[in-house]
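# Working through the structure, step by step
Single-letter residue listing:
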Amino acid sequence: MSERVKTGIGVAAAALDYDAELMLRVKEGDGASFGVLLDKHRSSVVHFLYRMVQNHAVAEELAQDVFLRVYRSRSTYEPTAKFTTWLFRIATHLALNALRDGKNERLQEHLDDDSSDMPVRQVSDHRPSIEQSMVHRATLDEVRRAIKTLPEKQRAAVLMHKYEEMEYSQIAAVLSCSESAVKSLLFRAYETLRARLAHMA
Amino acid sequence: MRCPIETQENAELLLAYCSRSLDAERTAMLEEHMRDCQSCREFAGGQKAVWEALDTWEAAPVSPDFDRRLYRRIEQEVSWWDLLMRPFRPLVFRQGLPIAATAAVVLMAGLLFQHPANIQRSAAPESAQVEAMPPDQVEHALDEMETMREFNRLVRPDTAEPKM
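Throughout this document, residue positions are counted from 1 along each chain, in the order its sequence is written. Here the convention is simple: chains get letters from A, ligands get numbers from 1, in the order in which they are written. pLDDT decides what is reported in this predicted model: residues at 70 or higher carry local features, side-chain atom pairs at 80 or more are listed and counted, and totals for whole chains, interfaces and linings draw on all residues regardless. Side-chain measures here rest on the full set of heavy atoms in the structure, leaving out hydrogens and waters.

## Digging into the packing of aromatic side chains
This is how the line gets drawn: Pairing of aromatic rings covers Phe, Tyr and Trp, the last counted by its six-membered ring, and requires centre-to-centre distances within 6.5 Å; plane angles under 30 degrees mean stacked, over 60 mean edge-to-face, and any other angle means tilted. By definition, any uninterrupted DSSP run of H or I lasting at least four residues is a helix, any uninterrupted run of E lasting at least two residues is a strand, and each is numbered from the N terminus. Accessible area is worked out with a 1.4 Å probe on protein chains only. A residue is then buried under 20% of its type maximum, exposed over 50%, and partly exposed in between. To sit over a ring, a charge needs its Lys NZ or Arg CZ within 6 Å of the ring centre and within 35 degrees of the ring normal.
For the coordinates displayed, the defined rule picks out 10 aromatic pairs over all chains. For the pair A:Phe34 and B:Tyr71, a centre-to-centre distance of 6.3 Å together with 75° between the ring planes defines the contact as edge-to-face. Taken together, the positions of A:Phe34 in helix α4 (residues 31–53) and B:Tyr71 in helix α4 (residues 66–77) put the pair across two chains. Given the relative accessible area of 32%, B:Tyr71 is considered partly exposed. On the numbers, 6.0 Å between centres and 65° between planes, the contact of A:Tyr50 with B:Trp57 is edge-to-face. Placement of A:Tyr50 in helix α4 and of B:Trp57 in the loop between α3 (38–55) and α4 is noted, with the two residues assigned to different chains. The class of A:Tyr50 is buried, set by a relative accessible area of 0%. By relative accessible area, B:Trp57 is classed as buried at 0%. Pairwise contacts between aromatic rings join A:Phe34, A:Tyr71 and B:Tyr71 into one cluster. In this structure, A:Arg51 packs its charged tip against the face of A:Tyr163, placed 3.6 Å from the ring centre. The ring of B:Phe43 carries A:Arg194 above its face, with NZ or CZ at 3.9 Å from the centroid.

## Considering the packing of α4(A) against helix α5 (residues 56–72) of chain A
The axes of two packed helices give the description: the angle between them and the distance between them. All names here are of chain A. Quick reminder of the rule: Axis lines are fitted to C-alpha atoms, over the contacting stretch for helices. Their N-to-C directions set the angle, which ranges from 0 to 180 degrees. What sets the label is the angle itself: under 35 degrees gives roughly parallel, over 145 gives roughly antiparallel, 65 to 115 gives roughly perpendicular, and the rest give oblique. In this scheme, a crossing is called left-handed if the near helix is turned counterclockwise away from the far one by less than a right angle; it is called right-handed if the turn is clockwise. Note on contacts: a residue pair is in contact if any heavy atoms of the two residues lie within 4.5 Å. Side-chain classes are defined by residue name, with Ala, Val, Leu, Ile, Met, Phe, Trp, Tyr, Cys and Pro counting as nonpolar, Asp, Glu, Lys and Arg as charged, and the others, Gly among them, as polar.
Put simply, α4 and α5 touch, their axes get as near as 8 Å, and they point 140° apart. What the angle tells us is that α4 and α5 run oblique. For the pair α4 and α5, the sense of crossing is right-handed. Facing α4, whose interface residues are Phe-34, Leu-37, Leu-38, His-41, Arg-42, Val-45, Val-46, Leu-49, Tyr-50 and Val-53, α5 presents His-56, Val-58, Ala-59, Glu-60, Leu-62, Ala-63, Val-66, Phe-67, Val-70 and Tyr-71. Class assignment for the residues of the contact of α4 with α5 results in 16 nonpolar, two polar and two charged.

## Some words on the environment of A:Ser44
All names here are of chain A. Take Ser-44: it is sitting in helix α4. Sequence separation between Ser-44 and Tyr-163 is 119 residues; the distance between their C-alpha atoms is 8.6 Å. Discounting residues that sit within four places of it in the chain, Ser-44 has contacts with Phe-88 and Glu-164.

## Re the packing of helix α8 (residues 130–149) of chain A against helix α11 (residues 179–197) of chain A
All names here are of chain A. Interaxial distance between α8 and α11 falls to 10 Å at its minimum, and their mutual angle equals 145°. Note on packing geometry: the crossing formed by α8 with α11 is right-handed. The segment α8 lies against α11, with Glu-142, Val-143, Arg-145, Ala-146, Ile-147 and Thr-149 engaging Leu-193, Arg-196 and Leu-197. Looking at the contact of α8 with α11, its residues break down into five nonpolar, one polar and three charged.

## Structural notes on the interface of chain B and chain A
Note the cut-off: What gets called buried area is simply the loss in accessible area from a 1.4 Å probe that two parts show on being joined, summed for both. Each reported salt bridge corresponds to a side-chain nitrogen of Lys or Arg within 4 Å of a carboxyl oxygen of Asp or Glu. Throughout this description, a polar contact denotes any pair of N or O atoms lying within 3.5 Å of each other; where both atoms belong to protein, one of them has to be capable of donating a hydrogen while the other can accept it, and for residues adjacent in sequence the pair is counted only when both atoms sit in side chains.
On the side of chain A, 48 residues touch chain B, which itself brings 30 residues to the contact. Both faces considered, chain B and chain A share a buried interface measuring about 4000 Å² in area, 63% of it formed by carbon and sulfur atoms. In terms of surface lost to chain A, no three residues of chain B exceed B:Leu54, B:Trp57 and B:Phe66, which account for 20% of the buried area on that side. One can count four salt bridges joining chain B with chain A. Across the salt bridge formed by A:Lys162 and B:Asp55, the nearest N and O atoms sit 2.5 Å from each other. One can count 12 residue pairs in polar contact (both at pLDDT 80 or more) joining chain B with chain A.

## Points about a nonpolar patch on the surface
What counts, and what does not: Like-charged residues within 9 Å of one another, or nonpolar side chains (Val, Leu, Ile, Met, Phe, Trp, Tyr) within 5 Å, are grouped into patches, provided each residue has over 30% relative accessible area and no salt bridge. The accessible surface values rely on the Shrake-Rupley method and a 1.4 Å probe; as for residues, cover is taken only from the protein chains in view.
Taken together, the side chains of B:Val138, B:Leu142 and B:Met145 define a hydrophobic patch exposed on the protein surface, amounting to about 280 Å² of accessible area. Along the chain, B:Leu142 turns up in helix α8 (residues 135–155).

Scope: geometric values only; no functional claims are made or implied.
Below you can see the structure in the form of structure tokens.
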């Protein structure tokens, strides 16, 4: 199987990235390769969606839809772009749709409870004091609200740039816009965030 | 060095610097510039604060049953047709389609060459068909013929009966 994949169209995929090669194996009926892809990208997709919609349950539901779409598209998959570009394009598309449909609004009342599930960063070797925890919660809440005020595309661009460490060209491919448009989106987004969060320095 | 903050294109240098993704040479150049440029210092300070604030936002771990739920949904997607066709799919996609298409063309051509008359013959009926008449209609027609005959006899008595 592996040898065959490396011939023909597989060569183009392998030149692109290993994920695309795995996806071509999924196309050939190799379910284990889908498992590898899932293992590799599960967390980043869920985390990206969580930061987009700011609700853990909705984020997981959307992430399931993302991987389901990947699986459904296996027979028509062609490695024309980097696998993660394709993956995050699906994720972004679903997140933007969910935000426009107000899908997470019905679970909005759990937003505050949701933040309590977040891991509290240890500031020292000891457990954080109640005061430290409260300060951290307040900071976190402010960060989340600042991100939430960003227009959807700016939000997606910032999250991919900051947390997924994507390059401008890849963000541009995900958002289907030019590289200069991405720079502009990021510049404006960080300008808004600086106005809201710079006092934390 | 031209002040990066003056143009949006160059401001990406400052963004890269604050995200620690700028190469050593340009980092040194930018730091030297920032010693004399207060605007850039303020920009970098604010951007660093944003970067650190964003670092505090850690996402919760993925639910342990995420994969199980996903695979259950995938299994539900697999229809009975997929289950039936799965063993034949590689054959159908790789060799089956061209073979089946060729076989269909050959079969059609063979049928056309072997029985060309059948197609024309089927257009014409095999034999003439006599329409059946209901008995009461026949009886009515005979009565009418008898009436006509009576009428003829009254009007022209010499021609009423045919001569044998």
